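# Secondary and tertiary structure notes
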There are 2 protein chains.
Amino acid sequence: MQYHQVSPQELKTLTTAIFTKMGCSASDAELASDVLQSADLRGIDSHGVARLSGYVRLWNADRINAKAQPSIVHETNTTATLDGDGGLGLTNAAKAMDIAIEKAKEHGSGWVAIQNSNHFGIAGYHAMKALEHDMIGMALTNASPLVAPTYSKERLLGTNPICYAIPAGKCEPVVIDMATSSAANGKLEIAKRKGDQIPTGWLQNHSGQDTNNPEDLKAGGSLLTLGSTKEMGSHKGYGLSAFVDIFSGVLSGANYGPWVPPFVSFLPLAPDMPGKGIGHFVGAMRVDGFRPIEDFKNNMDQWINRFKASDTIEGQNEVIIPGEPEARMHTQRIKEGIPLIDPVFQDLKAVCEEMDIPFTL
Amino acid sequence: MQYHQVSPQELKTLTTAIFTKMGCSASDAELASDVLQSADLRGIDSHGVARLSGYVRLWNADRINAKAQPSIVHETNTTATLDGDGGLGLTNAAKAMDIAIEKAKEHGSGWVAIQNSNHFGIAGYHAMKALEHDMIGMALTNASPLVAPTYSKERLLGTNPICYAIPAGKCEPVVIDMATSSAANGKLEIAKRKGDQIPTGWLQNHSGQDTNNPEDLKAGGSLLTLGSTKEMGSHKGYGLSAFVDIFSGVLSGANYGPWVPPFVSFLPLAPDMPGKGIGHFVGAMRVDGFRPIEDFKNNMDQWINRFKASDTIEGQNEVIIPGEPEARMHTQRIKEGIPLIDPVFQDLKAVCEEMDIPFTL
């Protein structure tokens, strides 16, 4: 695979120009670029600039409102629903998180459901906003249906991620950021490109049978929930995905289940959608709403150090703390730049040509 | 297996007498019995009266304070930490949930971490208390270390359950109540009693290798996290279990990780425990903090009915909604009584003899 090593700042300048050309305000373009950049720096390449042409196509199809003015449509001291005005999820979720943090400052915790939104990038970006305030952050989103609940052969759920970001002291924060399917779609894409088979437990075919062929997803198959089989707890992965869908979609007044709008602009919207757009759910809790922050941070460092010191099974060097590989990658890529695979590089170039933006990478 | 069919009311009268004899106040004995009964009625037999002799032994070993007076040690408008005074988790978590609900009534949401507590029964009991107030309930607890994080051969985590209880309209509420391990310890116990092997993916032996022998847990093995293998996402199950441990143990000032006190009274406490007792975390959010309750309930019914109407894979009759089997079992057992297996029946009888309580079943 050919890579193009690009500077984070130059890449961000380019993505900001693209969002600006779509019609985003200067601050929204900057914010959206920051969310994408965070994915690319943390090594979650499937959710960084690799998605940018997808957003542009949705905007071209009038499914993303670049000039969105999100507004609070329902509220208590610690809860709110934000109508995202059909805008980018990247900016809507980040703004919702700011509202949650403000509520938490005043009342200890804050929770915001978002309706009428779109793909929000990596959950980690939004949840991690809480960390600088010594708060615990949470972010959920539903997504286009690709996953079958246990015993079903239909795609009724998205890969519906869950993220919790938890501050530590001298150690890096713990950031749990995970899809509730057994494997992410990105892993199937990689196998397809390489012509590889996939392991049993990631995918079922159109009739609900196990398959090792990644092409079966497009042929009417479904991703499996975390746990993969009923015997190994797939009903738990389904339960978690259901929780994410209900908090993100039903609680906010967005769409849910099979009605969640597709990410790709060439697929039609489902008929009779019960809500507005895609939904998210974010929240923040002050650690010192429960105990003094220094005590908490000391215990978090002990927690992390004890897990790192764990005896490992043969062939493994270390137990990994959730968020640790992403933090390491962030440090590395800040220094060395971001390696874009050639298809993503060419895709960005094509987007710039279409939109008459100088391609500066 | 021999069963004794007992009346729920008679069973509850007996368990209340046992808790009273331990020294619980009348209201605490009633409450603790109610939590156990809820597990037995819902068919979660491992967490009902089957546990009662375990609580008695912990009380005998001075590890449960039956006369506990829990108190709030830290608080904001929507957060609190409750010191459980070494009492029963059954009552501590239920009282914490009442505090969370009161905070939610006033401010939209309420969140309570509990330190210095013990085993809290089924998570579902506590989370479901929110339902009658048209709130969403949440309950987490950490537990004795039996589970290894991905790549480790040490038991550093409990089966750390997650529960969300979500109201619906005409349909039964959605209740997601799940351990974050791939299989619960109870499933291993059943296999052991029958002399059966267990499937690969539930357990590793003392050196971290897959095993099908349920006896390997007692021989220094560990349960595996949801996902079972790294390839199938065991790091996600580990991340979820870590989230539960940190919310329950670190945020509350209780113990965490390998320091969580064992459920069985014959095992020693870990040296240098960093906190107090076992920890829980509960919370409640008003649905109408986000949108009108009737709109939410209508959409929840649509969500549930759509999933129930799903095409199933061959050999399966229906997609199951989280909490549905437990609600069905509850209805059945209210009518037909609770079937106690003979070892549990004899265990209760022995407890009554020891404590000089008439055995009335």
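Here's a quick rundown of the structure. All of these numbers come straight from a predicted model, not from anything done at the bench.

## Details of the overall build of chain A
Helices and strands together make up the secondary structure of chain A, namely 10 helices and 11 strands. Here chain A holds 361 residues, and 58% of them are scored as buried. Partitioning the intrachain contacts of chain A with sequence separation of at least 6 by distance along the chain shows that 63% fall at a separation of at least 24.

## Some words on the sheet that holds strand β5 (residues 135–141) of chain B
Residues and elements named next belong to chain B. The 7 strands lie next to each other as β2-β3-β4-β10-β5-β6-β7, forming an open sheet whose pairing is mixed. Looking at which strands have only one partner, the edges of the open sheet turn out to be β2 (71–75) and β7 (174–178). Averaged over all adjacent pairs, the angle separating strand axes in this sheet is 15 degrees, with direction ignored. Helix-sheet contacts for helix α7 (residues 234–250) involve β5, β6 (162–166) and β10 (278–286), and the interaxial angle to β10 is about 95 degrees.

## Some remarks on the nonpolar core
One recurring pattern in soluble globular proteins: nonpolar side chains tend to sit buried together. A:Ala100, A:Val112, A:Ile246, B:Ala100, B:Val112 and B:Ile246 are the most contacted members of the largest nonpolar core, which totals 224 residues. When sequence neighbours within four positions are dropped, the list of residues in contact with B:Ile246 reads A:Ile166, A:Val174, A:Trp303, B:Leu251 and B:Tyr256.

## Looking at the sheet that holds strand β5 (residues 135–141) of chain A
Residues and elements named next belong to chain A. Strand order in the open sheet formed by 7 strands is β2-β3-β4-β10-β5-β6-β7, and the pairing between neighbours is mixed. What marks the edges here is a single partner per strand, and that holds for β2 (71–75) and β7 (174–178). Within the sheet, the average angular offset between the axes of one strand and its neighbour, ignoring direction, is 15 degrees. With 5 bridges connecting them, strand β6 (residues 162–166) and β7 associate as antiparallel partners. Across the sheet, residue Ile162 finds its bridge partner in β7, namely Met178. Sheet strands in contact with helix α4 (residues 89–107) are β3 (79–83), β4 (109–117), β5 and β10 (278–286), and its direction is about 160 degrees off that of β4.

## Some remarks on helix α2 (residues 26–42) of chain A
Residue and element names in this part refer to chain A. Here α2 is 17 residues long and its end C-alpha atoms lie 24 Å apart, about the 24 Å a rise of 1.5 Å per residue gives. Of all 17 residues in α2, 12 are buried; the element is thus mostly enclosed. For α2, every residue scored as buried is listed here: Asp28, Ala29, Ala32, Ser33, Val35, Leu36, Gln37, Ser38, Ala39, Asp40, Leu41 and Arg42. Positioned one or two residues after α2, Gly43 has a phi angle of 85 degrees, which is positive.

## Overview of the interface of chain A and chain B
Much of the literature gives interface size as the accessible area that the parts lose upon coming together. Between chain A and chain B, the contact holds 68 residues from the first and 68 residues from the second. Among the elements of the structure, β3, β4, β6, β7, α7 (234–250), β10 and α8 (293–308) of chain A are those that each provide at least two residues to the side of chain A that touches chain B. Sorting elements by how many residues they give to the side of chain A that touches chain B places α8(A) first, with 7 residues. Of the residues that constitute the side of chain A that touches chain B, the class distribution is 32 nonpolar, 27 polar and 9 charged.

## Observations regarding α8(A)
Residues and elements named next belong to chain A. The end-to-end C-alpha distance of α8 is 22 Å, a good match for the 22 Å that 16 residues give at a rise of 1.5 Å each. Among the residues making up α8, those that are buried are Phe296, Asn299, Met300, Trp303, Ile304 and Phe307. Each buried residue of α8 sits inside an arc of 140 degrees when the element is viewed along its axis, so together they form one side.

## Thoughts on the environment of B:Leu188
All names here are of chain B. By the element assignment, Leu188 lies in helix α6 (residues 185–194). According to the C-beta neighbour criterion, Leu188 is buried, with 23 such atoms within 10 Å. Between the alpha carbons of Leu188 and Leu223 there is a distance of 9.6 Å; along the sequence they are 35 residues apart. When neighbours within four sequence positions are excluded, Leu188 is seen to be in contact with Ala183, Ile198, Trp202, Leu203, Pro214 and Leu217.

## Observations concerning the packing of helix α2 (residues 26–42) of chain B against helix α4 (residues 89–107) of chain B
A pair of packed helices can be characterised by two numbers: the angle between their axes and the separation between those axes. All names here are of chain B. Where α2 meets α4, the axes come as close as 8 Å, and the angle between the chain directions of the two elements is 95 degrees. Classified by the angle their axes make, α2 and α4 are roughly perpendicular. Of the residues in α4, those in contact with Asp28, Leu31, Ala32, Val35 and Leu36 of α2 are Leu90, Thr91 and Ala94.

## Quick look at unusual backbone geometry
Residues and elements named next belong to chain A. Phi at Tyr151 is positive, roughly 80 degrees, even though this residue is not glycine. In this fold, Tyr151 is placed in the loop between β5 and β6. Note on Tyr151: 20 C-beta atoms within 10 Å, which makes it buried. Positive phi, close to 55 degrees, is recorded for Asp272, a residue that is not glycine. Among the structural elements, Asp272 can be located in the loop between α7 and β10.

## Some thoughts on the environment of B:Ala68
Mapped onto the secondary structure, B:Ala68 falls in the loop between α3 (52–60) and β2. In this structure, the C-alpha to C-alpha distance between B:Ala68 and B:Asp85, residues 17 residues apart in sequence, is 5.2 Å.

## Observations concerning the relation of the copies chain A and chain B
For the pair chain A and chain B, the relating rotation is 180 degrees, the translation along its axis is 0.0 Å, and the fit reaches an RMSD of 0.0 Å. Taken together, these values place the two copies in the relation of a two-fold axis. Ranked by how close their C-alpha atoms come to the rotation axis, the residues of chain A are headed by A:Gly227, at 2.3 Å. Interface residue correspondence from chain A to chain B reaches 100%, placing this contact among same-surface, isologous pairings.

## Concerning the pairing of β2(B)
Every regular strand shows the same layout, with side chains that alternate between the two sheet faces. Residue and element names in this part refer to chain B. Strand direction decides the pairing type here: β2 and strand β3 (residues 79–83), joined by 4 bridges, are antiparallel. In the strand pairing of β3, Ser71 is matched with Asp83. Where β2 folds back on β3, the antiparallel hairpin that results is connected by 3 residues.

What counts as what
Residues numbered from 1 in each chain as written. Chains lettered and ligands numbered in written order. Predicted model: local features only at pLDDT ≥ 70, side-chain atom pairs only at ≥ 80, totals over all residues. Helix = DSSP H or I, 4+ residues; strand = E, 2+ residues; numbered from the N terminus. Buried ≥ 20, exposed ≤ 12 C-beta atoms within 10 Å, placed from the backbone. Contact = placed C-beta atoms within 7 Å. Pairing = 2+ DSSP bridges. Axes fitted to C-alpha atoms, helices over the stretch in contact; angles between N-to-C directions. Core = buried A, V, L, I, M, F, W, Y, C linked by C-beta atoms within 7 Å. Expected span 1.5 Å × (residues − 1). Nonpolar A, V, L, I, M, F, W, Y, C, P; charged D, E, K, R; others polar. Arc of directions from axis to C-beta. Parallel < 35°, antiparallel > 145°, perpendicular 65-115°, else oblique. Least-squares fit on C-alpha atoms with pLDDT ≥ 70 in both.

Distances and angles like these do not, on their own, reveal function.
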